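If you want the building blocks of each chain, they are given just below.
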Amino acid sequence: MRRLILTMCLAAAAQAGATTLDEAAKLFGARRWPEAAAAYESILATEPGSALARIRLARARAAEGNRDAALAALTAWFESGNGAYQVAMRLPEFEALRADPRFVALLERFKPCNTPEYRQFDFWVGDWNVESAAAPGSVSHNRITLINDGCTLREEYDTPQGYVGTSLNFYDGQRKVWHQTWIDNQGGGLVLEGGLQGIDMVLQSAGSDGQVQRITWTPLPDGRVRQHWQSTADGGKTWTTAFDGIYSRR
């Protein structure tokens, strides 16, 4: 009985002394960094899943100049699955850490779209003149840029005749496929999916009633790129060329 009473008293004392997120936030807002860090450590001792406590602990430790503790807390934040590369890169408390090789290596590990699959279509990135054998002398313009921190390729295409189109291209890491959504200034659209086949990026539509669109991009040895668009109306038994063009850097 006496042991039970003692256990209950200790639990009550621990509860009474527990720091709340509101209390920790006041210390953090007042820039009382050591006290704020201690408060968030107290919270994490009982709520290890608190993402807010974990990132604020890292920020407080960085702000007080304790790099080792800040990096340990930041690592735990990322490894919990709640970390965000863009957030860590922009928080002012980490400014002094940005030149630290440990910080650079940690952020590189958790940078989105950073595996080789996401870079498979980078050969298409550039500012290009586009000419096709079907229309010699007519030069179109296509500008392919990386956006969204390198996670998306944006295509901006225009022709001398006033035809304009844009596409967004990205690697779907969950489904392990490349995806393109195209829309032009005539209300036309195209949705393609696929992936790298050898050195070629091959994307095609899902198709209906045997109608399939397939586009192949091939990097050429001299730095140019060939784009070959084919279509079939019989489920792939026969193919016709809709466009066959060469990209040359402007």
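Everything quoted here is computed from the prediction, not taken from an experiment. (Residues numbered from 1 in each chain as written. Predicted model: local features only at pLDDT ≥ 70, side-chain atom pairs only at ≥ 80, totals over all residues. Heavy atoms only, no water.)

1. A look at the nonpolar core
Generally speaking, a soluble globular protein has its nonpolar side chains buried in company with each other.
Working step 1: Ranked by internal contacts, the top residues of the largest apolar core, which has 30 residues, are Tyr 40, Ile 55, Leu 74, Phe 78, Phe 94, Phe 103 and Leu 107.
Working step 2: Those elements that provide at least two residues to this core are helix H2 (21–29), helix H3 (33–46), helix H4 (51–63), helix H5 (67–79), helix H6 (85–90) and helix H7 (101–109).
Working step 3: Counting residues per element, this core draws most heavily on H3, at seven residues.
Working step 4: In contact with Ile 55, other than residues within four places in its own chain, are Leu 74, Trp 77, Leu 91 and Phe 94.
Working step 5: Counting 23 residues, the second-largest nonpolar core is a separate cluster that includes Trp 124, Leu 192, Trp 217 and Val 225. (Core = buried A, V, L, I, M, F, W, Y, C linked by side-chain atoms within 4.5 Å. Buried < 20%, exposed > 50% of the residue type's maximum accessible area, 1.4 Å probe, protein only. Helix = DSSP H or I, 4+ residues; strand = E, 2+ residues; numbered from the N terminus. Contact = heavy atoms within 4.5 Å.)

2. Let's talk about the packing of aromatic side chains
Working step 1: Applying the stated rule across the entire model yields 17 aromatic pairs.
Working step 2: Ring geometry for Trp 77 and Phe 78: centres 5.1 Å apart, planes at 55°, overall tilted.
Working step 3: Overall, the relative accessible area of 5% leaves Trp 77 in the buried class.
Working step 4: Relative to Trp 178, the ring of Tyr 171 has its centre 5.9 Å away and its plane inclined at 55°; by these criteria the two rings are tilted. When sorted by exposure, Tyr 171 lands in the same class as Trp 178, which is buried. (Phe/Tyr/Trp six-rings, centres within 6.5 Å; stacked < 30°, edge-to-face > 60°.)

3. Things to note about the confidence of the model for the chain
Working step 1: Here the chain averages 91 in pLDDT, and 93% of its residues register 70 or above.
Working step 2: Counting contacts from residues 2–17, a segment whose pLDDT is below 50, to residues more than four positions away or on other chains yields zero contacts. (pLDDT = per-residue confidence, 0-100.)

4. Description of the packing of H4 against H5
Any two packed helices are characterised by how steeply their axes cross, that is the angle between the axes, and by the distance between the axes.
Working step 1: Look at H4 against H5: their axes get within 7 Å of each other, and the N-to-C directions meet at 160°. Classified by the interaxial angle, the pair formed by H4 and H5 is roughly antiparallel. For the crossing formed where H4 meets H5, the hand is left-handed. Listed contacts from H5 to Ala 51, Arg 54, Ile 55, Leu 57, Ala 58, Arg 61 and Ala 62 of H4 are Ala 69, Ala 70, Ala 73, Leu 74, Ala 76 and Trp 77.
Working step 2: The residue makeup of the contact of H4 with H5, split by class, is eleven nonpolar, no polar and two charged. (Axes fitted to C-alpha atoms, helices over the stretch in contact; angles between N-to-C directions. Parallel < 35°, antiparallel > 145°, perpendicular 65-115°, else oblique. Left-handed = near helix turned anticlockwise from the far one by under 90°. Nonpolar A, V, L, I, M, F, W, Y, C, P; charged D, E, K, R; others polar.)

5. Quick notes on the packing of H3 against H4
Working step 1: Look at H3 against H4: their axes get within 8 Å of each other, and the N-to-C directions meet at 155°. As judged from the angle between their axes, H3 and H4 are roughly antiparallel. Relative to H4, the crossing made by H3 is left-handed. Contacts from Trp 33, Pro 34, Ala 36, Ala 37, Tyr 40, Glu 41, Ile 43 and Leu 44 of H3 reach H4 at Ala 53, Arg 54, Arg 56, Leu 57, Ala 60, Arg 61 and Ala 63.
Working step 2: Considering only residue class, the contact of H3 with H4 consists of eleven nonpolar, no polar and four charged.

6. Things to note about H3
Working step 1: Over its 14 residues, H3 runs 20 Å from end to end, which matches the ideal 20 Å to within 8%, given 1.5 Å per residue.
Working step 2: Buried within H3 are the following residues: Trp 33, Ala 36, Ala 37, Ala 39, Tyr 40, Ile 43 and Leu 44. With its buried residues spanning 160° around the axis, H3 presents them on a single face. When the buried face of H3 is taken as reference, the exposed residues oriented beyond 90 degrees from it are Ala 45 and Thr 46.
Working step 3: Next to the buried residues of H3 lie H2 and H4. (Expected span 1.5 Å × (residues − 1). Arc of directions from axis to C-beta.)

7. With respect to the side chain of Ser 50
Working step 1: Locating Ser 50 in the fold gives a position in the loop between H3 and H4.
Working step 2: Look at Ser 50 and you get buried, because its relative accessible area is 12%.
Working step 3: Here Ala 53 takes part through its backbone nitrogen, which lies 3.2 Å from a polar atom of the side chain of Ser 50.
Working step 4: Setting aside anything within four residues of it in sequence, one finds Ser 50 in contact with Leu 21 and Leu 44. (Polar contact = N/O pair within 3.5 Å; in protein donor to acceptor, adjacent residues only side chain to side chain.)

8. A word on H5
Working step 1: Its 13 residues place the ends of H5 18 Å apart at the C-alpha level, agreeing with the 18 Å of an ideal helix rising 1.5 Å per residue.
Working step 2: Residues of H5 that are buried in the fold lie against H4, H6 and H7.
Working step 3: The first or second residue beyond H5 is Gly 81, which carries a positive phi of 90°.

9. Side note on the sheet that holds strand E1 (residues 126–132)
Working step 1: Strand order in the closed barrel formed by ten strands is E1-E2-E3-E4-E5-E6-E7-E8-E9-E10, with antiparallel pairing between adjacent strands. Averaged over all pairs of adjacent strands, the angle between their axes in this sheet comes to 25°, without regard to strand direction.
Working step 2: Direction of pairing for E1 relative to strand E10 (residues 240–249): antiparallel, over a ladder of five bridges. Each residue of the ladder has a partner; that of Glu 131, found in E10, is Ile 246. (Pairing = 2+ DSSP bridges.)

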